[in-house]
Amino acid sequence: EDDAVEEFEVPVIVKVKPNDQLQLSPEELEKEVPPRVLYPQNPQAAHNVTSYSHKERAWQKNDNVDQCVLHFSMDGTILLKDSQEAQDQTEIQDKKDEEARGVQDDDGEEDTIDPPDDEKEMPIKNPLRNQFNFSDRAVQTKNGILRERGWATEPPPTTGYQGTITQWDIFDTYMKDIEAAKEKEKDDKNKPKASLDDEPEKKPKKDANAPIYSDSMKLSIKIMERMVNQNVENEVYLDFKYWEDKSDEFRDGEGTLLPLWRFSSEKAKRKQVTCIKWNPRYNDLCAVGFGSYDFLRRGTGVICCYSLKNTRFPEYVYNTDAGVCSLDWHPHHPAVLAVGLYDGTVLVYDVRAKTKKPIYLSTVRTNKHTDPVWEVRWNTDESGGTLNFFSISSDGRVSNWLLMKNKLESEEVMELKLISGVQAGGEEDETSLAGLAGGLCFDFNALSEHLFLVGTEEGRIHKCSKAFSGQYLETYEGHSMAVYTVRWNPFHPKIFLSCSADWTVKMWDHTLRLPVLSFDLGQAIGDVAWAPYSSTTFAAITSDGAAAPTSGVVHIYDLSVNRNERICEQKVVKRAKLTHVAFNTAEQPILIVGDDRGGINTMKLSPNLRIGVSRNDDTDASKTDEDLQIEKMDRLLEMVTETKET
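Residues numbered from 1 in each chain as written. Predicted model: local features only at pLDDT ≥ 70, side-chain atom pairs only at ≥ 80, totals over all residues. Heavy atoms only, no water.

Regarding the overall build of the chain
For step 1, the next point in the chain: The helix and strand tally for the chain stands at seven helices and 32 strands.
For step 2, the next point in the chain: In the chain, once contacts between residues fewer than 6 apart in sequence are set aside, the share between residues at least 24 apart is 47%.
For step 3, the next point in the chain: In the structure as shown, the chain presents an accessible area of about 45500 Å², 51% of it carried by carbon and sulfur atoms. (Helix = DSSP H or I, 4+ residues; strand = E, 2+ residues; numbered from the N terminus. Contact = heavy atoms within 4.5 Å. Areas by Shrake-Rupley, 256 points an atom, 1.4 Å probe, with all protein chains shown as cover.)

Here we look at the sheet that holds strand β5 (residues 285-291)
For step 1, the next point in the chain: Here four strands make up an open sheet; going across it, the order is β4-β5-β6-β7 and the pairing antiparallel. One side of each edge strand has no neighbouring strand; the edge strands of this open sheet are β4 (272-278) and β7 (316-320). Neighbour-to-neighbour, the strand axes of the sheet open up by a mean angle of 20°, direction not taken into account.
For step 2, the next point in the chain: In this sheet, strand β6 (residues 301-307) lies alongside β5 in antiparallel orientation, the contact comprising six bridges. Bridging from a neighbouring strand, Phe-290 pairs with Val-302 of β6. (Pairing = 2+ DSSP bridges. Axes fitted to C-alpha atoms, helices over the stretch in contact; angles between N-to-C directions.)

Points about the pattern of salt bridges
For step 1, the next point in the chain: For the coordinates displayed, the defined rule picks out 18 salt bridges.
For step 2, the next point in the chain: Residue Glu-375 is joined to Arg-377 by a salt bridge in which the shortest nitrogen-to-oxygen separation is 2.8 Å. Like Glu-375, the residue Arg-377 is buried in the burial classification.
For step 3, the next point in the chain: The structure contains a network of salt bridges with shared partners spanning Glu-375, Arg-377, Asp-443 and Arg-487. (Salt bridge = Lys/Arg side-chain N within 4 Å of Asp/Glu carboxyl O. Buried < 20%, exposed > 50% of the residue type's maximum accessible area, 1.4 Å probe, protein only.)

Looking at the pairing of strand β30 (residues 578-583)
For step 1, the next point in the chain: In terms of burial, β30 is a largely internal element, six of the six residues being buried.
For step 2, the next point in the chain: Direction of pairing for β30 relative to strand β31 (residues 590-595): antiparallel, over a ladder of five bridges. Considered in β31, the bridge of Ala-582 is made with Ile-592.
For step 3, the next point in the chain: The antiparallel pairing of β30 with β31 creates a hairpin that spans six residues between the two strands.

What to know about a nonpolar patch on the surface
For step 1, the next point in the chain: Where nonpolar side chains cluster on the molecular surface, the patch consists of Trp-168, Phe-171, Met-175 and Ile-178 and spans about 430 Å² of accessible area.
For step 2, the next point in the chain: Residue classification places Ile-178 among the partly exposed residues on the basis of a relative accessible area of 42%. (Patch = residues over 30% accessible without salt bridge, like charges linked within 9 Å, V, L, I, M, F, W, Y side chains within 5 Å.)

Examining the sheet that holds strand β27 (residues 537-543)
For step 1, the next point in the chain: Strand order in the open sheet formed by four strands is β26-β27-β28-β29, and the pairing between neighbours is antiparallel. The sheet terminates laterally at β26 (525-530) and β29 (568-573), the two strands that pair on one side only. Pairs of neighbouring strands in the sheet enclose a mean axial angle of 20°, with direction left out of account.
For step 2, the next point in the chain: Here five bridges tie β26 to β27, and the two strands are oriented antiparallel to one another. Pairing of Val-528 across the sheet is with Ala-540, part of β27.

Overview of the side chain of Ser-465
For step 1, the next point in the chain: Here Ser-465 lies in strand β20 (residues 460-465).
For step 2, the next point in the chain: On the accessibility criterion, Ser-465 (1% relative accessible area) is buried.
For step 3, the next point in the chain: Engagement of the side chain of Ser-465 in a polar contact is seen with the backbone nitrogen of Ala-467, the distance being 3.2 Å.
For step 4, the next point in the chain: In this view, Ser-465 contacts His-450, Phe-452 and Leu-473; residues no more than four positions away in its chain are not counted. (Polar contact = N/O pair within 3.5 Å; in protein donor to acceptor, adjacent residues only side chain to side chain.)

Focus on the confidence of the model for the chain
For step 1, the next point in the chain: A residue-level look at the chain finds 87% of positions with pLDDT of 70 or above and a mean pLDDT of 82.
For step 2, the next point in the chain: Low confidence marks residues 195-200, where pLDDT is under 50. Its contacts with residues over four positions away, or in another chain, come to zero contacts.
For step 3, the next point in the chain: Scored below 50 in pLDDT, residues 422-426 shows five contacts in the model against residues more than four places distant or in partner chains. (pLDDT = per-residue confidence, 0-100.)

Quick notes on the pairing of β4
When a strand is regular, its side chains alternate between the sheet's two faces.
For step 1, the next point in the chain: With six of seven residues buried, β4 lies mostly within the body of the structure.
For step 2, the next point in the chain: Strand direction decides the pairing type here: β4 and β5, joined by six bridges, are antiparallel. Opposite Trp-278, over in β5, you have Cys-286 as the bridge partner.
For step 3, the next point in the chain: Hairpin remark: β4 followed by β5, antiparallel, with six residues in the connecting loop.

Comments concerning the nonpolar core
For step 1, the next point in the chain: Counting 22 residues, the largest nonpolar core has Trp-278, Val-288, Phe-290, Tyr-306, Ile-592 and Ile-600 as its most contacted members.
For step 2, the next point in the chain: Residue assignment for this core shows that the elements contributing at least two residues are α6 (234-242), β3 (257-263), β4, β5, β6 and β31.
For step 3, the next point in the chain: Setting aside residues no more than four positions away along its own chain, Val-288 makes contact with Val-273, Cys-275, Ile-276, Val-302, Ile-303, Cys-304, Tyr-306, Leu-327 and Ile-600. (Core = buried A, V, L, I, M, F, W, Y, C linked by side-chain atoms within 4.5 Å.)

Points about the packing of aromatic side chains
For step 1, the next point in the chain: Applying the stated criterion to the full structure yields 18 aromatic pairs.
For step 2, the next point in the chain: Between Phe-496 and Trp-508 the ring centres are 6.0 Å apart and the planes differ by 0°, which places this aromatic pair in the stacked class. Taken together, the positions of Phe-496 in strand β23 (residues 495-500) and Trp-508 in strand β24 (residues 504-509) put the pair twelve residues apart, joining distant regions of the chain. Considered together, Phe-496 and Trp-508 belong to a single accessibility category, that of buried residues. (Phe/Tyr/Trp six-rings, centres within 6.5 Å; stacked < 30°, edge-to-face > 60°.)

What about the side chain of Asn-489?
For step 1, the next point in the chain: Inspection of the secondary structure puts Asn-489 in the loop between β22 (483-488) and β23.
For step 2, the next point in the chain: Within polar-contact distance, the side chain of Asn-489 engages the backbone oxygen of Ser-535 at 2.8 Å.
For step 3, the next point in the chain: In contact with Asn-489, not counting residues within four places along its chain, are Ile-495, Phe-496, Trp-530, Ser-535 and Met-633.

Some remarks on unusual backbone geometry
With glycine set apart, most residues show a phi of negative sign, and most peptide bonds adopt trans.
For step 1, the next point in the chain: One non-glycine residue, Arg-57, lies in the positive phi region at around 60°.
For step 2, the next point in the chain: Looking at the element boundaries, Arg-57 is found in the loop between β1 (50-53) and β2 (58-61).
For step 3, the next point in the chain: In this structure, Trp-503 is a non-glycine residue whose phi angle is positive, near 70°.
For step 4, the next point in the chain: Along the chain, Trp-503 turns up in the loop between β23 and β24.

Brief notes about the environment of Ala-529
For step 1, the next point in the chain: Looking at where Ala-529 falls in the secondary structure, it is placed in strand β26.
For step 2, the next point in the chain: Separated by 54 residues in the primary sequence, Ala-529 and Phe-583 place their C-alpha atoms 7.3 Å from one another.
For step 3, the next point in the chain: Contacts of Ala-529, omitting those with residues within four sequence positions, involve Phe-538, Ala-539, Val-581 and Phe-583.

A look at a negative patch on the surface
For step 1, the next point in the chain: The grouping of Glu-85, Asp-88, Glu-91, Asp-94, Asp-97, Glu-98 and Glu-99 at the surface amounts to a negative patch.
For step 2, the next point in the chain: Looking at where Glu-99 falls in the secondary structure, it is placed in helix α3 (residues 84-110).
For step 3, the next point in the chain: Judged by relative accessible area, Glu-99 falls into the exposed class, the value being 58%. (Lys, Arg positive; Asp, Glu negative; His and termini not counted. Charge placed at Lys NZ, Arg CZ, Asp CG, Glu CD.)

This is the structure we're talking about:
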């Protein structure tokens, strides 16, 4: 039995060997296996995390990768008895229990009174009393004594009246009134009439059907007036038609300006020329707006439409309540004129109308501008079926005005938001600042009608689109002061020109952020304009330097002839400052400039100043003049690019 117990107590070890166990030799079993280290690395963690460093002002790579991965997390409420936190919690609970027992002992001492002899007199304990250690108190106040006081007055004296009225009484009363009116008419007829000598003399009324007031008579008088004017100024008209400066043949790359006429009007005295615009169809007619750039002397404005056929008197004159700041003729309806005023109002005139009042006028109800309207421009796209034009103002808004049937409605195209500048990395920081940028000028691309440029008071030029009104497509920062004028090239779709109060004129390619060419004229620049006959010719106006700050000078550049120096610099007026310049839109070689004394000067360009397209035997005959103009500008851009690279 003992042997059996011993055999039962000995544990039986059964070695289970899997069938696919690897068989190792004794040498392999004695060989040491290199240790394997398990590194806590997360294979899903990103190793290319970058963050922006405000200290370095650049994006930097972050090498510290967080390898920790939490698969499950839950806040527990169980504490270990031996931990310090559990002991602190036990002590706090013991203190609370001791304080509760002390309060109960105090309550018991207060209740130790002599019990009554009779059990019926024993008070009944209220189980709800002092359950939350509250105290109940009540106070009864004394009611106030009410007093009443009244007065009784005597009724006013009255008298009773009664009567009965029939329809015959009413009829008799009306008949008496009618008879009295007839008697009065008889008395008026019997009065003696005043003699003819006593009547005041009346002016004879104009008979609209009389021949002297007919339209044909007005036309005949206007033609006669033009004939008399051309006979008086016969020499000037002959110079305008036939004179050519022969000295240009001996001056390579230089030209002159021949003064022709000076327009002036009594109504425009002591006013400044603020805008000039040639009519797109009638190339002898130009509209001139008069106002004041002296903002301390705000007054009324005048619009005068002058014709080269009658240089003594304007064809049309319109008076405005505020100074005129801008105007524009409609390209397809040459009788319609849009005007922008200094007080933010926009007007539309029809020069064919017999009245001098505008046919459309913006008001506060139509959301008019609050600052001067520096430029207006008609929309050439009439796909909507409604005439409309754009306007820009110092209040930071570009608006579109629709000419409805009976009123003028406005739509906001864009708000010119201020931007803080450009970051060190070259990226544009579009952090919006308080307020809006004051717009001074704008221009629409003739080939891409949705693109337009805006010049601001801060010196920035923004490229915008009608389709994206929320942001700028591009911002060009080359000027340090206010931009007065921006103009697209009439031939090349990428080139535009700008002039600023920092005395520079810059030529830009809208695909580049830096100017292609820059011209420092050394004086304040009033205006700049492209020539309509050449893609490389433009004109600018300045004063005559510090020695003669009140003299106006015209500068003309032809970049295909000389891209560094002007080909013409000529003083036009002596005791006035030039404000605006404009080329004649037709083939007439006329340049017109306005000054701050209300004068408009017309000049004829010499042959060297109006060189257009030159064709030779090597020129491809299939190319149009526009193609040759674009090629001339492209050659200039290639030369400028090569010069900058070298």
